Amino acid sequence: MNPVDAPVRATPPWRTFLAVLHRDVYVTWSELPIVLSQVLLQPLFLLFVFGKVLGALGYTRPGYEDLLFPGLLALTAVVTGMMTLAFPLVRDFGWTKEIEDRLLAPISTSMVAVEKVVFAVARALAASLAMMPLGVVVLGSIPWEWRNLPLFTTMIVGGSLLGAGLGLVLGTLFPPERINIFFSLVFTPLLFTGASQYPWPSLAPLRWFQVLTALNPMTYVSEGLRAAMVPGVPHIPAWVCVVVLLGWIGVLLPVGMWGFHRRAVD
Amino acid sequence: MKRYRGATANAVDGCSFAVEEGEVFGLLGPNGAGKTTTIGVLTTRVLPTSGTATVAGVDVVADPVAARRRLAVVPQRSNLDRSLSVRDNLVFHAAYHGVPARDRRPLAEEWLGQFGMADRATAKPDVLSGGQAQRVMIARALMHAPDVLFLDEPTTGLDPAARLFLWDRLRQLQHRGVTILLTTHDMDEAAALATRVGIVDHGRLLALDTPEALMRSLPGLTALELTIEPPLAGVDGLLARLGALSGVARTEHLPDAARGETTDGLRGHDRVRLYATGPAPSLVAPAASVVAGAGHTVTNVRLSSPTLEDVFLELTGRTLR
């Protein structure tokens, strides 16, 4: 058959969507060792140094690792979701333009953005779940409450969505020529004000810092996961975490979609 | 019409044309003329501020998804997916466009072969030369059998052999019924490939015709230049007699400033230029006899015919930008 004579295909959009998703999964799979090191090395080191080393040296109180682990799960979910999108989008739209072939696929631009979010959430969920056995290996055991599984699931999925929303916003609105200050200006503050290394109520003596951390949406993921995994430790009430988290997601995703449109179509 | 956010002028402003099915249409213009923006609008990547655009009968603003099924774009700079091999670039492109899974690989092999890239199928795009990346992008574009192929300055930066290869392939595509719209600022390319050429500048379409007709549209540029000895005491009489010859549009006595071009610097002669309405060579004999009748001799004859470049410069001006 002469390929040029082939008829125009009315491909259903979901097939194109799946093909675009398949591309991301395929690329991740073929670069798995690199991806794993990008995603897991940082929380693993935090877990090891803060949870194991400092404890073994007597600088932290026994039980600190149980506070730390939910916080690091939150960190993994949010940061993985964010980093899956932020950098690649800045790079794609800014200079490699390699996303163009997908933007020219027979699918709406919004669906390409949705695919990005779905992929980022999937990767963040996979990374968070991978942290569980790693936590057992490093710490010996991790806190767990079966009865709180629904809250745990909500917070992990919510944290992944939050990360994806942050990534979509930053990746499409952060100026490509300023990418070098991304880490110092966005990443590091996000990392250390997200209540992942300390429960939020315990910050009461440091009132100003407590207020600051309340502005970081990651705080509510950390606290929500503490509510699910170590309910005995003082934490922000679970319903507050859920509501604030949903609010952030509800703002970030539409803004990110708008930003994506803005970059994809002039 | 298209005005970008924050821009003070319209990038494209009054650029209307229709490309026939199966045609190779060349969009010619200087840098920044609005060629790429025009392609952007037609390929659904730029939203026009006003106006309409249709590709293969589909309104690109109202139904961009349907338009994307029928068109394919090869941009100026490589936008190959650098995480995928050359072959996978083609295979995934086919998947995005719903080509059945069993057909994707054979099709990819066929197009890579056609564009001389079969032996680089497993290479990553990063290691390809500019010309190779270009060929892979065209091969990729053809994977979903588009009706219309858009090429943005396809041969800019290619070596002559690569350019001829590409021209050859594009002509083959045209024979297979693919409509091709290419932008270029290479006159030779437009003359060699395009059935019709549109000249754009400042976002406006200045002229639109076949390359031949565009070249003919500048009658003043098909000219015969005569060097005459000995120098004329007064040229007006001779110019009037030359101007009376049939086929001469107008005559011109070349000023001193123009002498440096073709003369050896001696001031022992005069030069006159006859602008022809038809083919200039047929004026040589009658003009020579008029000159001889006035007691002078023609010592040098130069013919100049317009190129697309002359048309281009005439329309867009010579200012560098």
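First, a word on what this report is: a plain description of the structure on this page. Given the structure is predicted, the values throughout are model-derived calculations rather than measurements.

## Let's talk about the overall build of chain B
Next, step 1: Regarding its fold elements, chain B presents 11 helices and 12 strands.
Next, step 2: A total of 321 residues make up chain B; the buried ones form 40% of that total.
Next, step 3: Taking all contacts inside chain B whose residues are at least 6 apart in sequence as the whole, residues at least 24 apart take part in 70%.

## Observations concerning the overall build of chain A
Next, step 1: Looking only at helices and strands, chain A features 10 helices and zero strands.
Next, step 2: Its helices and strands taken in sequence order, chain A reads α-α-α-α-α-α-α-α-α-α from the N to the C terminus.
Next, step 3: Over its C-alpha trace chain A gives a radius of gyration of 20 Å, about what one expects of a compact globule, namely 18 Å for 266 residues.
Next, step 4: With respect to the principal axes defined by its C-alpha atoms, chain A has extents near 75 × 35 × 35 Å.
Next, step 5: Classification of the 266 residues of chain A by burial places 44% in the buried group.
Next, step 6: Restricting the contact set of chain A to residue pairs at least 6 apart, pairs at least 24 apart contribute 83%.

## Things to note about the interface of chain B and chain A
Next, step 1: Tallying the contact residues gives 31 residues for chain B and 28 residues for chain A.
Next, step 2: Where the side of chain B that touches chain A is concerned, the elements lending two or more residues are helix H2 (64-70), helix H3 (86-96) and helix H4 (101-114) of chain B.

## Considering the sheet that holds strand S12 (residues 297-304) of chain B
Strand pairing in a sheet is mediated by backbone hydrogen bonds. Such pairs are either parallel or antiparallel.
Residues and elements named next belong to chain B.
Next, step 1: Spatially, the four strands line up as an open sheet ordered S10-S11-S9-S12, and their pairing is antiparallel. Bordering the open sheet on either side are strand S10 (248-253) and S12, each of which pairs with just one other strand. For this sheet, the mean inter-axis angle between neighbouring strands, taken without regard to orientation, is 20 degrees.
Next, step 2: Lying on the sheet, helix H10 (residues 284-293) is in contact with strand S9 (223-229), strand S11 (270-276) and S12; it crosses S9 at an angle near 25 degrees.

## Comments concerning the packing of helix H6 (residues 149-173) of chain A against helix H9 (residues 218-229) of chain A
All names here are of chain A.
Next, step 1: Where H6 meets H9, the axes come as close as 9 Å, and the angle between the chain directions of the two elements is 165 degrees. Of the possible angle classes, the one that applies to H6 and H9 is roughly antiparallel. When the axes of H6 and H9 are compared, the crossing they make is left-handed. For the pair H6 and H9, contact is made by Leu151, Phe152, Met155, Gly158, Gly159 and Leu162 and by Val221, Gly224, Leu225, Ala227, Ala228 and Met229, respectively.
Next, step 2: Residues of the contact of H6 with H9, tallied by class, amount to nine nonpolar, three polar and no charged.

## Remarks on helix H11 (residues 308-316) of chain B
Residues and elements named next belong to chain B.
Next, step 1: Regarding H11, the residues found buried are Leu308, Val311, Phe312 and Thr316. Along H11, the residues classed as buried sweep out an arc of 105 degrees about the axis, all on the same side.
Next, step 2: Lining the buried residues of H11 we find strand S1 (24-28), helix H7 (187-193), strand S7 (196-201) and helix H8 (211-216).

Definitions and cut-offs
- Residues numbered from 1 in each chain as written.
- Chains lettered and ligands numbered in written order.
- Predicted model: local features only at pLDDT ≥ 70, side-chain atom pairs only at ≥ 80, totals over all residues.
- Helix = DSSP H or I, 4+ residues; strand = E, 2+ residues; numbered from the N terminus.
- Buried ≥ 20, exposed ≤ 12 C-beta atoms within 10 Å, placed from the backbone.
- Contact = placed C-beta atoms within 7 Å.
- Rg over C-alpha atoms; globule rule 2.2 N^0.38 Å.
- Pairing = 2+ DSSP bridges.
- Axes fitted to C-alpha atoms, helices over the stretch in contact; angles between N-to-C directions.
- Parallel < 35°, antiparallel > 145°, perpendicular 65-115°, else oblique.
- Left-handed = near helix turned anticlockwise from the far one by under 90°.
- Nonpolar A, V, L, I, M, F, W, Y, C, P; charged D, E, K, R; others polar.
- Arc of directions from axis to C-beta.

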